[in-house]
Amino acid sequence: MEMLKPVAEDALTSANFAALCNNVWQGRVAAALDQRGRICRLNCWRDQLVEVCQWLSRDLDFAFATLIVEELPDNGWSLLYIFYKGPNSPWVYVEPKLDALTTAVPSISGLVHGPSADWHEREAEDLFGLKFEGHPRLGEFILHEDWPEGTNPMRHDFDAHERFEHREADPKWEPPTIVVAPGAFAMPVGPVFSDFAESAHFLLETVGEDVIHTIPRFFYKYRGVEKIAEGQNVGRVLLLAERFSGTAAFAHGLAFCQAIEAICGTKVPARAQALRTVLAELERFRHHAAVITGICNSTALAVATSQAALIEEDLLRLSCKVAEHRYLFGALKPGGLALDIQDETCSDLSVTVGAIVGRLHELHGMLRYSSSFLDRLEEVGGVSNEQALSYGLVGPVARASGIARDLRRLFPYAAYDAVGFTVPVEQEGDGYSRLRIFFQEAEQAAMIIRHVLQILPDGPACADPVDWCAGAALGAVEAPAGAAFHWVRLSGDGTVARYRITPPSFTNWHGFHLAAENFAFQDFPIILASFGLSNAECDR
Amino acid sequence: MTNWVFKGLRTGIKTTAYPVRQDDTPGVSPGRPRATLLDSAAEVERLVELCPTQAIERQDGGAAIDYGRCVHCFRCWRDADDVSADWERSYEWAAYSADSAAAAQDLEKAFGRSLHIRFVDAGACGACMSEARQLNNPYYNMHRLGFCTTPTPRNADILLVAGPVSDAMRFPLRKTYEAMPKPKRVVAIGACAISGGVFGPSFAASASAAETIPVDVIVPGCPPPPLAILHALLLVVKRKPPSDRISLPIDPTEDAKE
């Protein structure tokens, strides 16, 4: 592909993209645009897959969103590699043609921007038993070592309700380590922590005071959400979408509902769109306040922790007053919202959010002049722009490393196209720049809430009950921690046939080890807190 | 740094009056459905149908609620135009687990007034943990009541467990429990730890935390608000009575009171 010249931005609009593709690939890749010009499907041969993905990610700067694996009834596979760039370019779905007897596909993890697909391929290998040729690290990933080899829970013949028989864990098992040096040892942390922390395991390879390398191990909380969703009706799967990651419930519920609405062609009323924006931003505001609390707590700055915790609790109470639940569970339904918000509550909400953001602003101002606090964050846990791009990081973590990618801006959903807001970006990629991003995004969230409430349209808060259609679609939402992709395949009877969630924590935990190299031991909780990620969201 | 001292002082006391007085500040609890007396069997049938987690049961001409299964989806309250469950704004939800009811008598002898707490996230969604974490914020400040978290299970009196106990967390949960000295108590927080919630039982999650370790006190809710978890801790030290209404039977006098 070296002979390719850089492609001008305007050549990537939906109208031009298919033509460009046909031109570059000389008909060897079939490009087809959907009716609304939002999705371009590229059908390629198995052997061209790597080249096509490389072309998209390296030459055209497309970001890898997710890999969707579906087992077909006749033992075959359907694979979908989804890329995005926006705002004018279409979503690109790369679909390799596979034989019915395929057991392996080429790995795209070795590409320039390839590591972003690394975990997707490991997950597919672990849960489906599909091999990826050329991938360096397949094997135990989501299912830990006490699951027998060859157990593939996402296969259709695996019974989700059957209790699973364990094999004995090998008592001689030791974690793999990398660092070889005099006095080097590996310090295990987790999965159970002191205080309140989510279950995850970190092996810190250290030579004493300095940690050289961190080996994280996740998926202690794997609940098989995608598997148990299969065969359930939409209403029941919505419960799972909201509750697999309770601290970002609304965002994930929204992504699921958007996928359902796209499949069924549901038109969501303007008022519902506006209120969805308000609640999504209220959740972002609260999520970021919780992350700020965590960062202050990790540096043991007691008063700041209390101040941030007060803000967090006030926002939880506010959410409960507005939507009856502190974490906004139950507020959504396909077609709109399950509740309407009265005008009086809206004006209370606007006033309270304004008051709370003032306190947040004051807290930010005080933290900026607390040198002992800044010393703990500056130049700690750095992720460079190149690393962030290569790993395809998303959300506040990516924006702190100079990547201004935000689905609210790239593919506006709900009422985001009706409000002006800025997407804050910092360049340093250290703990302090992440903290600044969390503060700025929280302030933007408050601004969006107040703006949307001013222009709140009248009308119904929910469309008529949705008529289920068979089909599949992607719901993409900028969750508090970053881009969330929910792929849903719906059967005509309103049951979910395949549900694939790509949460931002899955994407960003993958890059976490980049920030956890060559640091002082006591900085570990700070690096951890500054990422603001959830294990429940990652593990599913 | 003196700024912080003044900021702290200026903020004043934010702490709730609970458990001395009830806290009725709006937003401290999402509330929950209440067992509801209905006119016709058809209406009861409608509510049972609306509940996606089988938390509503038919009983004596009304709908009884199994709080261990209720996940606050609000569908029994919002979704039907013609019928709805009653909703109560409460939070004192903790109760002895069925297995532990007989042992409840000696719970009070086991501990003094202070408790050291160990928390295990056994596959929770993050909301239960977030609510438990709020107990450290100035509004709830569990420290004032003698409750604190401990960095090691060897010092722990109470094990708080949230989540449906995912497959990989069964072993760490059992090890944590075994590492705690006797006497010890286990508090299961949230619908997942009580009934598997929306996740279990399945190939990857349990039907309850009680499958893995003995559970003494349960706190229903999805998630239970901080005051409900505080109520559970107070229940363990016998400073508060249990909720008598884990699975609420129909009480016609309830309606008569309003």
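Just so it is clear, the structure is predicted and the values come from calculations on it, not from any experiment. Position numbers for residues count from 1 along each chain, tracking the sequence in the order it is written. Chains carry letters and ligands carry numbers; both start at the beginning, A for chains and 1 for ligands, and go up in the order they are written. Residue-level local features of this predicted model are given only where pLDDT is at least 70; pairs of side-chain atoms are given and counted only at 80 or more, and the full residue set underlies all totals for whole chains, interfaces and linings. Computation of side-chain values: all heavy atoms of the structure, hydrogens and water removed.

Residues and elements named next belong to chain A. Two strands form a pair only when DSSP identifies at least two bridges running between them. Runs of H or I in DSSP of at least four residues are treated as helices and runs of E of at least two as strands, each being numbered from the N terminus. Taking strand neighbours across the sheet as the criterion, the four strands line up as E8-E9-E10-E16 in an open arrangement whose pairing is antiparallel. In the strand order of this sheet, the two ends are held by strand E8 (185-189) and strand E16 (519-520), each with one partner. With two bridges joining them, strand E10 (residues 210-217) and E16 adopt antiparallel strand pairing. Residue pairing for E16: Val211 is matched across the bridge by Phe519.

Here the focus is the packing of helix H7 (residues 270-298) of chain A against helix H14 (residues 431-454) of chain A. Relative orientation and spacing of two packed helices are given, respectively, by the angle between their axes and the distance between those axes. Residue and element names in this part refer to chain A. Every axis in this analysis is a line fitted to C-alpha atoms, fitted for helices over the stretch in contact. Angles between the N-to-C directions lie between 0 and 180 degrees. At a minimum axis separation of 8 Å, H7 and H14 run at an interaxial angle of 155°. One finds that H7 runs roughly antiparallel with respect to H14. Where H7 crosses over H14, the two elements pack in a sense that is left-handed. Of H14, the residues touching H7 (which contributes Ala274, Thr277, Val278, Glu281, Leu282, Arg284, Phe285, His288, Val291, Ile292 and Ile295) are Leu435, Phe438, Phe439, Glu441, Ala442, Ala445, Ala446, Ile448, Ile449, Val452 and Leu453. When residue character is reported, Ala, Val, Leu, Ile, Met, Phe, Trp, Tyr, Cys and Pro are called nonpolar, Asp, Glu, Lys and Arg charged, and the others, Gly included, polar. Of the residues contributing to the contact of H7 with H14, the split by class is 17 nonpolar, two polar and three charged. Oblique is the label for every angle not falling under 35 degrees (roughly parallel), over 145 degrees (roughly antiparallel), or within 65 to 115 degrees (roughly perpendicular). The hand of a helix crossing depends on one turn: near helix anticlockwise from the far one by less than a right angle means left-handed, and clockwise means right-handed. By definition, residues are in contact when any of their heavy atoms lie within 4.5 Å.

What makes a nonpolar core is a set of buried Ala, Val, Leu, Ile, Met, Phe, Trp, Tyr and Cys residues whose side-chain atoms join them at distances within 4.5 Å. Only protein chains enter the calculation, and the probe is 1.4 Å; a residue is then buried if its accessible area is under 20% of its type maximum, exposed if over 50%, and partly exposed in between. Membership of the largest hydrophobic core comes to 182 residues, with the highest contact counts inside it found for A:Leu42, A:Leu56 and A:Tyr81. In terms of nonpolar packing, the next biggest core, distinct from the first, is built from 39 residues, A:Phe196, B:Met142, B:Ile158 and B:Val219 among them.

All names here are of chain A. Annotation comment: domain bounds sourced from an automatic or database domain assignment. Taken domain by domain, chain A comprises domain 1 (9-133) and domain 2 (225-539). Distance between the C-alpha centres of domain 1 and domain 2: 27 Å. Counting residues at the interface gives 27 residues for domain 1 and 24 residues for domain 2. When the buried area of domain 1 at its contact with domain 2 is split by residue, Tyr84, Trp91 and Trp119 rank highest and sum to 28% of it. For this analysis, a salt bridge means a side-chain nitrogen from Lys or Arg found within 4 Å of a carboxyl oxygen belonging to Asp or Glu. Here domain 1 and domain 2 share two salt bridges between them. Arg500 is paired through a salt bridge with Glu123; the nearest N and O atoms lie 2.9 Å apart. The quantity reported as buried area is the accessible area (1.4 Å probe) lost by two parts once they are put together, taken as the sum for both.

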